[in-house]
Amino acid sequence: MPLADAVTTSWSWNLLTDFQVMWSYPFMVNAFRAGAVIAVLAAAVGWFVVLRRQTFAAHTLSVVGFPGASGAVLVGVAAGYGYFAFCVGAAVLIAMLPGSGKGRGEESALTGTIQAFLLACGFLFVALYKGFLNGVNSLLFGSFLGITSSQVLLLTAVAAVVLCVLAVIGRPLLFASVDESVAAARGLPVRALSTVFLVLLGAATAEASQITGSLLVFALLVLPAATAQVLTPRPGLSLVLAMFIGLAVTWLGLAVAYFSPYPVGFYVTTFAFGGYVLARLVAVARQASLVRRGPLLRSAA
């Protein structure tokens, strides 16, 4: 649902007044708060997803949130329970697949099979429920409208737990992600680290999907992290930059969508993709500059 459908508004020449009016609505304040929590969580977890080359697994977990939510609605419970049950359950199942414990994430065809089957189950659950199309759109593309303060607190609590666990396993997980063989030789429990990370990824995906929907969450998981890793190879700086990019594109998307008839997901994804393309162009220009300077440096030496 476009934010502009909730209120009739448009841009003015006074941006300060525009933002004051926008934040005078409690649902917009809660949307920005929830967006900040989800953006930071998705960027932190997504940074390891991109580093470990497990984007296909992340896409699978984001997709299976849809059948989880639709199945929960079918049996008469809150959609949130379905998100967590299916996303975390699918994460555990992927962790049990052959090759899933390898740091580089050898994505098996079985992962794609799980994704396709559960997605089909989601549409079956919707057909059995005979729900409205708008409900399906909300499950797939999410809605930042109607977020309550209690929901923001719950999102913050879950995000804090996931981030704390990620901080505890961060250094060994980074080691195992960069060089799995050496990490295993040093005695690190590579398989256990991979399993714990996939469970964290499932929990993060389940939380974010309740607001962003099952499709938009994948953009927040991958694009900010991929952009940051293109801009700098330094792990700490790259991780912080990924969080900043995720927060920036989410808030910018919310602000623009408030004054637009188009959905939030389009703007958030577009801004994130634009940032990635810009980062790639910067990297290409930097490499071209080094190539041009190479002969000059050798002649000066």
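Details of the structure are given in the entry above.
Residues numbered from 1 in each chain as written. Predicted model: local features only at pLDDT ≥ 70, side-chain atom pairs only at ≥ 80, totals over all residues. Heavy atoms only, no water.

Caption draft 1: A look at the overall build of the protein. Within the protein, the regular secondary structure consists of eleven helices and zero strands. Its helices and strands taken in sequence order, the protein reads α-α-α-α-α-α-α-α-α-α-α from the N to the C terminus. Within the span of the protein, comprising 301 residues, buried residues form 46% of the whole. For the protein, contacts bridging at least 24 residues in sequence account for 77% of all contacts bridging at least 6. Accessible surface, the protein as shown: approximately 14700 Å² in total, 72% of it carbon and sulfur. (Helix = DSSP H or I, 4+ residues; strand = E, 2+ residues; numbered from the N terminus. Buried < 20%, exposed > 50% of the residue type's maximum accessible area, 1.4 Å probe, protein only. Contact = heavy atoms within 4.5 Å. Areas by Shrake-Rupley, 256 points an atom, 1.4 Å probe, with all protein chains shown as cover.)

Caption draft 2: Main features of the side chain of Ser 62. If you trace the backbone, Ser 62 turns up in helix α3 (residues 55-75). Non-local contacts of Ser 62, meaning those with residues more than four positions away in its chain, are made with Thr 205, Ser 214, Val 217 and Phe 218.

Caption draft 3: A look at the side chain of Ser 238. By the element assignment, Ser 238 lies in helix α10 (residues 235-258). Assessed through its relative accessible area of 1%, Ser 238 is described here as buried. Setting aside chain neighbours within four positions, we find Ser 238 in contact with Trp 47, Ala 228, Gln 229 and Thr 232.

Caption draft 4: Structural context of the nonpolar core. Counting 75 residues, the largest nonpolar core has Met 22, Val 45, Leu 166, Leu 173, Phe 197, Leu 201 and Leu 221 as the members making the most contacts within it. Elements represented by at least two residues in this core include exactly α2 (26-51), α3, α4 (79-96), α5 (109-129), α7 (149-178), α9 (190-231), α10 and α11 (264-300). Broken down by element, this core gets its largest block of residues, 21 residues, from α9. Among all residues touching Leu 166, those that are not within four sequence positions of it are Ala 44, Val 45, Phe 48, Leu 173, Phe 197 and Leu 200. (Core = buried A, V, L, I, M, F, W, Y, C linked by side-chain atoms within 4.5 Å.)

Caption draft 5: Summary view of a nonpolar patch on the surface. Judged by side-chain polarity, Leu 74, Val 75, Val 77, Tyr 81, Leu 124, Leu 128 and Tyr 129 come together as a nonpolar surface patch covering roughly 720 Å² of accessible area. Those elements that provide at least two residues to the nonpolar patch are α3 and α5. As for its placement among the helices and strands, Tyr 129 is situated in helix α5. Assessed through its relative accessible area of 46%, Tyr 129 is described here as partly exposed. (Patch = residues over 30% accessible without salt bridge, like charges linked within 9 Å, V, L, I, M, F, W, Y side chains within 5 Å. Salt bridge = Lys/Arg side-chain N within 4 Å of Asp/Glu carboxyl O.)

Caption draft 6: Structural context of α9. The end-to-end C-alpha distance of α9 is 28 Å, clearly below the 62 Å that 42 residues give at a rise of 1.5 Å each. Taken as a whole, α9 carries its principal kink of about 115° at Thr 212. With 32 of 42 residues buried, α9 lies mostly within the body of the structure. (Expected span 1.5 Å × (residues − 1). Bend = angle between axes of the 7 residues up to and from the residue.)

Caption draft 7: Quick peek at the environment of Val 190. Looking at the secondary structure, you find Val 190 in helix α9. Judged by relative accessible area, which is 9%, Val 190 ranks as buried. Linking Val 190 and Ser 177, residues 13 residues apart in sequence, is a C-alpha distance of 8.9 Å.

Caption draft 8: Structural view of the packing of aromatic side chains. One pass over the structure, following the stated rule, counts ten aromatic pairs. Aromatic side chains Trp 23 and Phe 32 sit 5.5 Å apart centroid to centroid with 85° between the ring planes, which places their arrangement in the edge-to-face category. (Phe/Tyr/Trp six-rings, centres within 6.5 Å; stacked < 30°, edge-to-face > 60°.)

Caption draft 9: Structural context of unusual backbone geometry. For Arg 53, which is not a glycine, the phi torsion comes out positive at approximately 55°. Tracing the sequence through the fold places Arg 53 in the loop between α2 and α3.

Caption draft 10: Main features of the environment of Ala 34. For Ala 34, the position within the fold is in helix α2. Sequence separation between Ala 34 and Leu 154 is 120 residues; the distance between their C-alpha atoms is 9.8 Å. In contact with Ala 34, not counting residues within four places along its chain, are Ile 147, Val 152 and Leu 155.

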